[in-house]
Protein chains: 2
Amino acid sequence: MLEDKTPQKTDIASLGEFGLIEHLTEHFKINHTSTVKAVGDDCAVLDANGLKTLITTDLLVEGVHFNLSYMPLKHLGYKAVMVNLSDVYAMNADASQITVSIALSNRFPLEAVEELYSGILLACEKYNIDLIGGDTTSSTTGLLISVTAIGHSDAKKITYRNTAKENDLLVVSGDLGAAYLGFQVLEREKQVFEVDPNNQPDLDAYTYLIERQLKPEARKDIVRILSDLDVVPTSMIDISDGLSSEIIHLCKQSKVGCNLYEEKIPLDPQVISVCEEFDLNSTTVALSGGEDYELLFTITQSDFDKIKGNPHLTVIGHMTDANSGMNLITRGANQSVPLTAQGWNALLDKDKEE
Amino acid sequence: MLEDKTPQKTDIASLGEFGLIEHLTEHFKINHTSTVKAVGDDCAVLDANGLKTLITTDLLVEGVHFNLSYMPLKHLGYKAVMVNLSDVYAMNADASQITVSIALSNRFPLEAVEELYSGILLACEKYNIDLIGGDTTSSTTGLLISVTAIGHSDAKKITYRNTAKENDLLVVSGDLGAAYLGFQVLEREKQVFEVDPNNQPDLDAYTYLIERQLKPEARKDIVRILSDLDVVPTSMIDISDGLSSEIIHLCKQSKVGCNLYEEKIPLDPQVISVCEEFDLNSTTVALSGGEDYELLFTITQSDFDKIKGNPHLTVIGHMTDANSGMNLITRGANQSVPLTAQGWNALLDKDKEE
């Protein structure tokens, strides 16, 4: 177990709750003038300064959202923050603060919690986030992490899911499917390790995929790029469950349809080659894989020239009237296939069935 | 088990995550104009309107913070909200929004989650709180609830823990010790029930104590009373761990000492009689019992006339210089005994040892 590899153990109970929080948070700096009061009182106090305040929260459960046998605790801490920041960026807003609550069983020594917080700290430093509070408690089994992120934005820039319009262009950042394949690679290596613990895996061909799974990055840069390009999306969502599921959310909430072009879906070369190795369809992986934490948004056609040629952004389709439905236009044959909401779990089940 | 008593069961998985959230939140109304966007997007959006925004979060874990064999799920939902609102009121602020995340194992049917949310809804309606978001996920064992509360206040009214001054008066709302005794009564009845399930307990003599344990009320009214009396406390904290522990927090963070007068500690008559029945010292119960969710605060001596005679408020001591230490002045003998931080768990352990 990764959390047990440090030889020196400290009993968390010996610190007490306040001692533990003080210990875990001592390296966090407050960077925002809006953070009037952070850890150390009943509440954190923020000065919104006339701007809109945004709040989002996610709960990650061991055995459900992560497996500590191949997810190092530092990566887990980092990812728990990313998942939440991604939700703030998906509103076209800036994230500025987080609270972190953890529940952990007594099998975790202090060093394990430090490792977890080192990942949270790294995320906070890299993304300029203030940790402003939280709660630390014991659990009867396993580890739980609850993160709440707070962001701010000008009212006129905030972008919702239900405001896409017919004829808008559908745009995605980065590339898709890699995080899911990274998970598949790690699962396979775990099984190989269980059979032969002396086997040294050569993971060079999978570095991008594994990094996308273990250390996803929320697309703060896209919010800045859109601002620099003077583009306010007409709707936006982040891709946590898979492209297909997120497109359906945008369409249903906005009451529009969509044509998604299979040949336009951005895929990394490693995704294409590893899909061949695993005998998986790369389009299925991109549509249903999830955990990519890319941003999916719509823009008016008049904004196309502003984003054209940007290496981070790909136009993958356009919105239609609701009656036309949500369709994938296949490569080559140009057939129209209705999109279905298959999340990550659906894909897993399907793999098992095959 | 209380969560299994409803004959009709619905599988949560059949609803899907979004269906479940939609189902659970359909009865919640949005009351604040500051709530621009609640459940249904990546983030909730609040307009702070130039006021300070306050955030607090608490994580409640089955088997650690609550026992479902005598805590009905509706009460649990209510209490989970109270615990957080109490933290906001302890800043002398108004609470206006919450997010609620839950993780639950497959032993909970939909009806159980509905019961939990009915308590959350009741709390939201009674305290005028908007539910603005959250996360619902599965757990491998047991139930977890993570609540984040958001409040607002004028900057000049926000009251911290570290600003008590020498000679300030120490004031507490309501009365103390009842929640702990309620827990003792419930524990005893549970043991009686295990021996003789046909025994019908007569709990009439304990109604106040049980209500204080199962359905605590956060003191929103005290914030309003203080405002009406034109009193801004010099420091404030809520009593979750016991009077002694909270006084020590105020003193240490404010760098002052304190004299607490045993004879001034407000006790309900039921607390006094049940302490006799259980052979417990009522002062020990008030000092270390915890879970009272009353407010403990300091005021300048010049504000004494404003609060004098208010039935909700009791002056229990005064702050001294730090070198004098934190002391309990005993009843009758007028002896000075140093206060020690004994939480609820410490008291339980002590009971076991005796």
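Residues numbered from 1 in each chain as written. Chains lettered and ligands numbered in written order. Predicted model: local features only at pLDDT ≥ 70, side-chain atom pairs only at ≥ 80, totals over all residues. Heavy atoms only, no water.

You'll find chain A entered in an unreviewed UniProt entry as Thiamine-monophosphate kinase, with Wenyingzhuangia heitensis given as the organism. Quoted straight from UniProt, the Sequence similarities (unreviewed entry) entry for chain A says "Belongs to the thiamine-monophosphate kinase family." (UniProt positions renumbered as here; feature names shortened; annotations may be inferred.)

Scanning chain A from terminus to terminus reveals eleven helices and 13 strands. Split into buried and exposed, the 354 residues of chain A put 57% on the buried side. Here chain A displays about 14,700 Å² of accessible surface, and carbon together with sulfur accounts for 49% of that area. (Helix = DSSP H or I, 4+ residues; strand = E, 2+ residues; numbered from the N terminus. Buried < 20%, exposed > 50% of the residue type's maximum accessible area, 1.4 Å probe, protein only. Areas by Shrake-Rupley, 256 points an atom, 1.4 Å probe, with all protein chains shown as cover.)

Quick look at the UniProt feature "binding site: Mg(2+) 4" (unreviewed entry) in chain A now. All names here are of chain A. UniProt's feature table lists "binding site: Mg(2+) 4" (unreviewed entry) at D42, T56 and D87, given in the numbering used throughout. Summarising the element assignment, T56 is placed in strand β3 (residues 52–61). Given a relative accessible area of 5%, T56 falls into the buried group. A polar atom in the side chain of T56 sits 3.4 Å from the side chain of D87. (Polar contact = N/O pair within 3.5 Å; in protein donor to acceptor, adjacent residues only side chain to side chain.)

This part is about the state of the cysteines. The full count for this structure, using the stated rule, is zero disulfides over all chains. In this structure C251 of chain A is not part of a disulfide, and its nearest cysteine sulfur, from C258 of chain A, lies 4.6 Å away. (Disulfide = S-S within 2.5 Å.)

Here, the residues flagged by UniProt with the feature "binding site: Mg(2+) 5" (unreviewed entry) are D241 of chain A. Within the fold, D241 of chain A resides in the loop between β8 (235–238) and α7 (243–254).

The next point concerns the packing of helix α2 (residues 73–89) of chain B against helix α3 (residues 110–127) of chain B. Residues and elements named next belong to chain B. For the pair α2 and α3, the least separation of the axes is 6 Å and the interaxial angle reads 40°. You can see that α2 and α3 cross each other, and the crossing is right-handed. On the side of α2, the interface is formed by L73, K74, L76, G77, Y78, V81, M82, L85 and Y89, while α3 contributes A112, E115, L116, S118, G119, I120, L122, A123, K126 and Y127. A breakdown of the residues in the contact of α2 with α3 according to their chemical character gives 13 nonpolar, three polar and three charged. (Axes fitted to C-alpha atoms, helices over the stretch in contact; angles between N-to-C directions. Left-handed = near helix turned anticlockwise from the far one by under 90°. Contact = heavy atoms within 4.5 Å. Nonpolar A, V, L, I, M, F, W, Y, C, P; charged D, E, K, R; others polar.)

Let us look at unusual backbone geometry. Peptide bonds are mostly trans, and most non-glycine residues show a negative phi. In this structure, N92 of chain A takes a positive phi of about 65° despite not being glycine. Among the structural elements, N92 of chain A can be located in the loop between α2 (73–89) and β4 (94–104).

The next thing to look at is the sheet that holds strand β11 (residues 313–321) of chain B. All names here are of chain B. Strand order across the open sheet formed by seven strands is β8-β10-β7-β11-β9-β12-β13, with mixed pairing between neighbours. Unpaired on one side and paired on the other, β8 (235–238) and β13 (336–338) mark the two borders of the sheet. Strand-to-strand twist across the sheet, computed as the mean angle between neighbouring axes with direction ignored, equals 25°. Of the strand pairs in this sheet, strand β12 (residues 326–329) and β13 are connected by three bridges, and their pairing is antiparallel. Its bridge partner lying in β13, N327 is registered against P338. Contacts between helix α7 (residues 243–254) and the sheet are confined to β7 (169–173), β8, β9 (256–261), β10 (295–299), β11 and β12, with β9 contributing the most and set at about 150° to the helix. (Pairing = 2+ DSSP bridges.)

This part is about the pairing of strand β6 (residues 143–153) of chain B. All names here are of chain B. In terms of residue burial, β6 counts as a mostly covered element, since eleven of its eleven residues are buried. Neither face of β6 is exposed, since L143, I145, V147, A149, G151 and S153 on one face and L144, S146, T148, I150 and H152 on the opposite face are all buried. Pairing geometry for strand β3 (residues 52–61) and β6, over ten bridges, is antiparallel. Within β6, the residue paired with I55 across the bridge is I150.

Another point: α2 of chain B. Its 17 residues give α2 of chain B an end-to-end C-alpha distance of 24 Å, which sits within 8% of 24 Å, the value for a rise of 1.5 Å per residue. Buried residues dominate α2 of chain B, accounting for 15 of its 17 residues. (Expected span 1.5 Å × (residues − 1).)

What follows deals with the side chain of S101 of chain B. By secondary structure assignment, the location of S101 of chain B is in strand β4 (residues 94–104). A polar side-chain atom of S101 of chain B sits 3.2 Å from the main-chain amide nitrogen of D135 of chain B. S101 of chain B has contacts with T57 and L59 of chain A together with G134, D135, L144, I145 and S146 of chain B, leaving out every residue within four places of it along the chain.

A separate point is the pattern of salt bridges. Evaluated as defined, the whole model comprises 26 salt bridges over all chains. Measuring nitrogen to oxygen at the nearest pair gives 2.9 Å for the salt bridge that ties E277 of chain B to R188 of chain B. Within this pair, whereas E277 of chain B is found in helix α8 (residues 269–278), its partner R188 of chain B is found in helix α4 (residues 178–195), the two being separated by 89 residues in sequence. Owing to a relative accessible area of 27%, R188 of chain B belongs among the partly exposed residues under this scheme. Through salt bridges with shared partners, a single network forms among R212, R219, D221 and E294 of chain A. (Salt bridge = Lys/Arg side-chain N within 4 Å of Asp/Glu carboxyl O.)

Our next topic: the packing of helix α4 (residues 178–195) of chain A against helix α5 (residues 207–214) of chain A. All names here are of chain A. Between α4 and α5, the shortest axis-to-axis distance is 7 Å and the interhelical angle comes to 100°. Classified by the angle between their axes, α4 and α5 sit roughly perpendicular to one another. Mapping the contact onto sequence places A178, A179, Y180, L181, G182, F183, V185 and L186 in α4 and Y208, L209, I210, R212, Q213 and L214 in α5. Within the contact of α4 with α5, the residues separate by chemical class into eleven nonpolar, two polar and one charged. (Parallel < 35°, antiparallel > 145°, perpendicular 65-115°, else oblique.)

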